[in-house]
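Descriptive structure summary
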Amino acid sequence: MNFTTTFRGNLSLLSQCSSCCHLRFQPILASLHVTRSERCRLVNFSAGRISRFCRRKREIICGVTDTQTEPDGNNDKEKEALENGENQPATDSHQQDNDAQIDLQLDSQPQVVNQINGNNAETNAQGGAQQDVDNVEVATGSPLPGVKPQQLDESIRIPKETIDILKEQVFGFDTFFVTNQEPYEGGVLFKGNLRGQAAKSYEKISMRMKNKFGDQYKLFLLVNPEDDKPVAVVVPRKTLQPETTAVPEWFASGAFGLVTLFTLLLRNVPALQSNLLSTFDNLNMLTNGLPGALVTALVLGVHELGHILVANSTGVKLGVPYFVPSWQIGSFGAITRIRNIVPKREDLLKIAAAGPLAGFSLGFVLFLLGFILPPSDGIGIVVDASVFHESFLAGGFAKLLLGDVLKEGTPISVNPLVIWAWAGLLINAINSIPAGELDGGRIAFAIWGRKASARFTAVSIVLLGLSSLFNDVAFYWVVLIFFLQRGPIAPLSEEITDPDDKYVALGILVLVLGLLVCLPYPFPFTAEVITNF
């Protein structure tokens with residue numbers, strides 16, 4: 001679950017340092033305080049003369065020091081004020097005499113240089129301590145949700161020289177004007193003003209960064225959850241390596257697949273569901289559930305195939321699907337990892353919506369065929385009409401196609417294909433819940449952004465928790481989401497640009513279909529309802 005995060009942490013060294021004169025030599029001015037007081041007792045200085053005296057000392061100090069840092073905005077204002085002060089003419093000759101006296105006193109004090117050197121050593125020690133504070137990693141408020149913090153070697157961290165090149169030569173007025181920066185996990189988070197369209201700016205920045213550094217660093221253009229403004233994050237690519245598992249993916253996926261096949265077969269043999277322990281003594285009876293297991297597995301397979309085909313077209317690599325077994329409905333679907341970074345929200349929307357759309361399409365076709373085609377044995381499966389109250393979509397289509405035959409309290413014979421396809425539709429609908437890293441959660445994130453998807457996740461888990469009081473399927477599903485699929489969704493390369501409207505419409509269609517399959521049918525199955533309806 002991607003709860004809203006906030007950016008915290010120390011500001012970077014570039015944003016905290018002022019000019020060399022102000023930062024490195026402030027102790028020196030303090031050490032000369034006594035001398036200045038003695039001079040003030042000997043000569044009646046005015047405020048303007050004292051200011052010029054302090055400025056003269058600062059010029060001497062800056063001349064001795066070799067350190068160069070970029071001046072900040074406050075020092076620019078200070079320089080303007082000093083320049084204005086220098087342009088003001090002297091008001092009397094007495095002031096000029098005192099200035100000459102000050103120059104003579106300063107020139108006759110060579111010990112000032114030695115004092116400067118001593119204070120430089122002290123200031124360097126303070127600067128080193130300050131730099132250690134600035135290098136502290138930002139452990140909270142991660143701008144890259146889903147990326148786990150790592151203990152990074154100094155060779156992986158972005159050096160200060162590279163940060164300067166990023167600010168001055170990679171970012172710019174035409175793309176992203178940097179106003180501030182913060183350290184993050186060996187990388188840097190840049191705050192500033194986005195210029196133009198986010199997608200075009202991202203392409204320009206990425207191209208410039210590649211020309212300067214090759215593939216050494218990765219750029220993310222995200223939304224700051226603190227103020228909803230764009231931020232740019234640059235991290236070393238070595239920090240984004242996928243995690244390795246102790247057990248090979250194909251082996252774990254195959255094991256889960258075998259268990260899921262067993263539960264699909266078991267779900268379609270009612271005689272074994274009442275006594276699960278008797279299953280191992282009657283394994284031959286599992287073959288009776290093979291047709292239903294194949295139909296439901298076909299819907300699941302088409303669902304995953306939709307993900308794979310669209311992912312390949314967008315350049316996104318998917319991991320091996322892990323099918324989750326369930327003895328209530330056969331399977332809860334599959335968990336599929338995204339192995340690389342998705343470029344943008346529209347690509348994520350395409351991939352997330354492709355699976356449910358393919359599964360719903362095939363499921364609805366098989367569901368309708370079940371009402372149209374007669375049972376192969378002439379009997380089919382006898383169910384009570386109340387079964388169709390469990391789904392708004394299934395109950396609506398059943399009443400529309402069966403008409404007055406479907407009445408409350410009346411058993412009805414249907415083709416088993418109806419029940420098998422319905423199970424496939426239910427699995428697709430559960431995966432379309434807008435929560436965490438489910439297909440529905442990724443769709444919500446792609447359409448409305450990270451903050452909205454976090455709210456959808458919280459609401460969905462609460463509603464599923466309440467539903468679990470009356471439905472055991474909801475209980476197991478909320479546990480699965482909370483522990484395995486709650487997120488957060490891994491960051492995309494560029495999360496600012498909204499998807500195209502046609503893909504937004506497809507994503508909303510998936511969410512609506514999933515809702516209609518899961519919601520109950522509230523109307524009684526009577527002829528009067530059909531007439532009034």
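Treat the numbers as computed from the prediction; the structure is a model and nothing was measured.

Let us look at the overall build of the chain. Per the secondary structure count, the chain includes 21 helices and eight strands. By residue count, 42% of the 533 residues in the chain fall in the buried class. In the chain, 75% of the contacts between residues at least 6 apart in sequence involve partners at least 24 apart. Element-wise, carbon and sulfur atoms account for 60% of the exposed surface of the chain, whose accessible area totals about 27,800 Å².

On to the nonpolar core. Side chains that are nonpolar tend, in soluble globular proteins, to be buried together. Core analysis: the largest hydrophobic core is formed by 37 residues, its most contacted members being F360, F367, F388, L406 and I443. Within the residue set of this core, elements represented by two or more residues are α13 (290–314), α14 (345–372), α15 (392–402), β8 (411–414), α16 (416–431), α17 (439–448) and α20 (501–518). Dropping the residues within four chain positions of it, F360 is found in contact with L425, N428, A429, S432, V510, L513, G514 and V517. Core analysis: the next-biggest nonpolar cluster, separate from the first, contains 20 residues, Y322, I430, I433 and A435 among them.

What follows deals with the environment of L402. Locating L402 in the fold gives a position in helix α15. On a C-alpha basis, the gap between L402 and F371 in space is 8.0 Å, while along the polypeptide they are 31 residues apart. If near-sequence neighbours (up to four positions away) are discounted, L402 is found in contact with F371 and I412.

What follows is about the pattern of salt bridges. Side-chain pairing between opposite charges can occur once the charged atoms of the two side chains come close. All chains considered together, the criterion is met by ten salt bridges. In this structure, E249 and R339 form a salt bridge, with 3.2 Å as the shortest nitrogen-oxygen distance. Residue E249 is located in helix α11 (residues 249–267), and its partner R339 is located in the loop between β6 (330–335) and α14; the two are separated by 90 residues in the primary sequence. Of the residues examined, E249 reaches a relative accessible area of 14% and is grouped as buried. Note on R339: relative accessible area 42%, which makes it partly exposed. With a shortest N-O distance of 3.0 Å, R345 and D498 are connected by a salt bridge. Note that R345 is positioned in helix α14 and D498 in the loop between α19 (472–485) and α20, a separation of 153 residues in sequence. Judged by relative accessible area, which is 52%, D498 ranks as exposed. Residues joined by salt bridges that share partners form a network here, namely E249, R337 and R339.

Turning to the packing of α14 against α20, a few remarks are in order. Axis separation between α14 and α20 bottoms out at 9 Å; the angle between their running directions is 45 degrees. Of the possible angle classes, the one that applies to α14 and α20 is oblique. As α14 packs across α20, the resulting crossing turns out to be left-handed. Within the contact between the two elements, α14 uses E346, L349, K350, A353, P356, L357, F360 and F364 and α20 uses Y503, V504, L506, G507, L509, V510, L513, G514 and V517. The residue makeup of the contact of α14 with α20, split by class, is 13 nonpolar, two polar and two charged.

Moving on, we get to α20. Helix length check: α20, at 18 residues, gives a terminal C-alpha distance of 26 Å against a target of 26 Å (1.5 Å per residue), a fit within 8%. The set of residues buried in α20 consists of V504, G507, V510, L511, L513, G514 and V517. Where α20 is buried, its residues touch α14, α15, α16 and α17. The backbone nitrogen of K502 has a side-chain oxygen 3.2 Å away, supplied by the residue at the start of α20, namely D500.

This part is about unusual backbone geometry. The phi dihedral of D228 falls on the positive side, at around 60 degrees, and the residue is not glycine. Of note, D228 is situated in the loop between β3 (217–223) and β4 (230–236).

Let's shift gears to a nonpolar patch on the surface. Taken together, W327, F475, Y476, V479, F482, F483 and L484 make up a surface patch of nonpolar side chains, about 720 Å² in accessible area. Here L484 is to be found in helix α19.

Time to look at the sheet that holds β4. Taken in spatial order, the four strands of this open sheet run β1-β2-β4-β3, and their pairing is antiparallel. Either end of the sheet is taken by a strand with one partner, and the two such strands are β1 (176–184) and β3. Shown here is a sheet whose adjacent strand axes are inclined to one another by a mean of 25 degrees, direction ignored. Helix-sheet contacts for helix α9 (residues 160–170) involve β1, β2 (187–194), β3 and β4, and the interaxial angle to β2 is about 15 degrees.

In terms of burial, α17 is largely enclosed, as nine of its ten residues are buried. Along α17, the positions that sit buried rather than exposed are D439, G440, G441, R442, I443, A444, F445, A446 and I447. Contact partners of the buried residues in α17: α13, α14, α16, α18 (450–467) and α20. Just downstream of α17 lies G449, where phi reads positive at about 100 degrees.

Here we come to the packing of α18 against α19. Where α18 meets α19, the axes come as close as 8 Å, and the angle between the chain directions of the two elements is 150 degrees. The angle between the axes of α18 and α19 places the two elements in the roughly antiparallel class. Crossing geometry of α18 relative to α19 is assigned as left-handed. Residues I461, L464, G465 and S467 of α18 pack against A474, W477, V478, I481 and F482 of α19. Taken together, the residues of the contact of α18 with α19 sort by class into seven nonpolar, two polar and no charged.

Its place among the elements puts T260 in helix α11. Assessed through its relative accessible area of 4%, T260 is described here as buried. Of the polar contacts made by the side chain of T260, one reaches the backbone oxygen of F256; its length is 2.8 Å. Sequence-distant contacts of T260, that is, excluding residues within four places in its chain, are made with F323, V324, P325, G330 and S331.

Turning our attention to the side chain of R450. Here R450 is to be found in helix α18. When its relative accessible area of 17% is taken as the criterion, R450 is described as buried.

Remark: the centre distance and the inter-plane angle together describe each pair of aromatic rings, the angle taken between the planes. Under the counting rule described, the total for this entry stands at 16 aromatic pairs. Seen from their ring centres, F171 and F190 are 5.0 Å apart, and the 50 degrees between their planes marks the pair as tilted. Highlighted residues: F171 in the loop between α9 and β1 and F190 in strand β2, separated in sequence by 19 residues. Between Y521 and F525 the ring centres are 5.2 Å apart and the planes differ by 10 degrees, which places this aromatic pair in the stacked class. In this structure, K218 packs its charged tip against the face of F220, placed 5.7 Å from the ring centre.

Reading the values: rules and limits
Residues numbered from 1 in each chain as written. Predicted model: local features only at pLDDT ≥ 70, side-chain atom pairs only at ≥ 80, totals over all residues. Heavy atoms only, no water. Helix = DSSP H or I, 4+ residues; strand = E, 2+ residues; numbered from the N terminus. Buried < 20%, exposed > 50% of the residue type's maximum accessible area, 1.4 Å probe, protein only. Contact = heavy atoms within 4.5 Å. Areas by Shrake-Rupley, 256 points an atom, 1.4 Å probe, with all protein chains shown as cover. Core = buried A, V, L, I, M, F, W, Y, C linked by side-chain atoms within 4.5 Å. Salt bridge = Lys/Arg side-chain N within 4 Å of Asp/Glu carboxyl O. Axes fitted to C-alpha atoms, helices over the stretch in contact; angles between N-to-C directions. Parallel < 35°, antiparallel > 145°, perpendicular 65-115°, else oblique. Left-handed = near helix turned anticlockwise from the far one by under 90°. Nonpolar A, V, L, I, M, F, W, Y, C, P; charged D, E, K, R; others polar. Expected span 1.5 Å × (residues − 1). Polar contact = N/O pair within 3.5 Å; in protein donor to acceptor, adjacent residues only side chain to side chain. Patch = residues over 30% accessible without salt bridge, like charges linked within 9 Å, V, L, I, M, F, W, Y side chains within 5 Å. Pairing = 2+ DSSP bridges. Phe/Tyr/Trp six-rings, centres within 6.5 Å; stacked < 30°, edge-to-face > 60°. Lys NZ or Arg CZ within 6 Å of the ring centre and 35° of its normal.

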